[in-house]
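In case you want the letters, here they are:
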Amino acid sequence: MDLNKLATQLGIRTPDINTIRQTVVSQAFKNNIGERALVLLSQYPFLIIGPIAEVVSDYLVIDAEVTNIPELDGEKFRVHIDDIEVFYIEKDNRPIPDIRNGMHE
C-alpha cells in the first residue's frame with residue numbers, strides 16, 4: 001500500500017501512519033452510527049459492546065450494553081480512538097453474540 005497515495009485520498013498532507021489509522025478508524029465508526037460494536041481497549045484489557053452513539057473528533061462515544069465489569073453496563077463511554085486495539089462493527093448476517101448468555105438476540 002502506498003502511504004503517500006492513501007494520505008492524499010484522505011486529505012492528509014503528510015503521510016503519517018498514525019494519522020491515517022486515526023482517520024480510517026474514526027470514519028468507520030462515523031459510517032456506522034447506531035450500529036452495535038465490540039471494542040477491545042489496550043487498558044486492563046477492557047471490553048465494551050453496544051451501539052455507536054457518535055464520533056467527536058478522535059473520540060468514539062458508545063452506549064455500553066455489556067462490559068467485562070457488570071457494574072459499568074449501561075454507562076456511556078468516550079473512548080479515544082488510539083486506545084482501541086480491536087473493534088468489530090455488527091453486520092446483519094454476522095451479529096455480535098450475547099457473551100453473557102451464549103445466545104444471539
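Details of the structure are given in the entry above.
The text that follows walks through the structure, step by step, so that each part is easy to find. (Residues numbered from 1 in each chain as written. Predicted model: local features only at pLDDT ≥ 70, side-chain atom pairs only at ≥ 80, totals over all residues. Heavy atoms only, no water.)

Let's talk about the overall build of the protein
In terms of helices and strands, the protein carries 2 helices and 6 strands. Traced from its N-terminal end to its C-terminal end, the protein shows the element sequence α-α-β-β-β-β-β-β. The C-alpha extent of the protein, read off along each of the three principal axes, is 45 × 30 × 20 Å. Among the 105 residues that make up the protein, the fraction classed as buried is 33%. A separation threshold of at least 6 residues defines the contact pool for the protein, and within that pool the share at least 24 residues apart is 39%. For the protein, the accessible area works out to roughly 6800 Å², and carbon and sulfur atoms hold 51% of it. (Helix = DSSP H or I, 4+ residues; strand = E, 2+ residues; numbered from the N terminus. Buried < 20%, exposed > 50% of the residue type's maximum accessible area, 1.4 Å probe, protein only. Contact = heavy atoms within 4.5 Å. Areas by Shrake-Rupley, 256 points an atom, 1.4 Å probe, with all protein chains shown as cover.)

Re the pattern of salt bridges
Inspection of every chain in the model, using the stated rule, returns 4 salt bridges. Residues R36 and E65 are paired through a salt bridge, measuring 2.8 Å at the closest nitrogen-oxygen approach. Here the residue R36 occupies a position in strand 1 (residues 36–41), and E65 occupies one in the loop between strand 3 (59–63) and strand 4 (66–67), the gap between them amounting to 29 residues. Look at E65 and you get partly exposed, because its relative accessible area is 34%. The closest approach of N and O atoms between E90 and R36, which form a salt bridge, is 2.8 Å. With a gap of 54 residues between them, E90 in the segment after strand 6 (84–89) and R36 in strand 1 connect regions that are remote in the sequence. The same class applies to E90 and to R36, which are both buried. (Salt bridge = Lys/Arg side-chain N within 4 Å of Asp/Glu carboxyl O.)

Everything listed here is a matter of geometry and, on its own, says nothing about what the molecule does.
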